[in-house]
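These are the residues of each chain, in order.
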Amino acid sequence: MLALTLEEFMVELNEGSIKNVGPTNKSATVKLFDVESAEAREFGDKRVKLVFEDEDGNEVQVSLFPEDVRTIVSDVEALEDDSPVFE
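So, a few notes on the structure that sits alongside this text.

Quick look at the pattern of salt bridges now. Within the structure shown, the criterion is met by one salt bridge. The partner of Arg-41 in a salt bridge is Glu-39, and the shortest N-O contact between them spans 3.1 Å. When its relative accessible area of 34% is taken as the criterion, Arg-41 is described as partly exposed. By relative accessible area, Glu-39 is classed as partly exposed at 42%.

This is the structure:
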């Protein structure tokens with residue numbers, strides 16, 4: 001399940017083209033639940049792309065620098081040691 005929240009979002013659709021309307025203060029939150037597949041792969045010369053997909057084909061891609069990936073790996077390792085999630 002993909003949940004998408006858009007804030008202050010307005011666009012104009014004109015003859016098949018999408019154009020921003022109003023100020024550039026838009027933001028979005030995306031949540032993907034019930035992930036069926038997850039993978040990490042190279043993205044350019046300096047980043048790692050994490051790709052998550054659910055059973056409906058919804059996909060979220062996140063590009064991170066290696067130091068951010070290492071932080072996430074460290075967080076997961078700490079959860080493995082301390083959290084009942086991994087029991």
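This part covers the environment of Ser-27. Along the chain, the position of Ser-27 falls in strand β4 (residues 27-32). Classification of Ser-27 by relative accessible area gives partly exposed; the value is 39%. Distance in space between the C-alpha atoms of Ser-27 and Val-76 is 28 Å, their sequence separation being 49 residues.

How each quantity is defined
- Residues numbered from 1 in each chain as written.
- Predicted model: local features only at pLDDT ≥ 70, side-chain atom pairs only at ≥ 80, totals over all residues.
- Heavy atoms only, no water.
- Salt bridge = Lys/Arg side-chain N within 4 Å of Asp/Glu carboxyl O.
- Buried < 20%, exposed > 50% of the residue type's maximum accessible area, 1.4 Å probe, protein only.
- Helix = DSSP H or I, 4+ residues; strand = E, 2+ residues; numbered from the N terminus.

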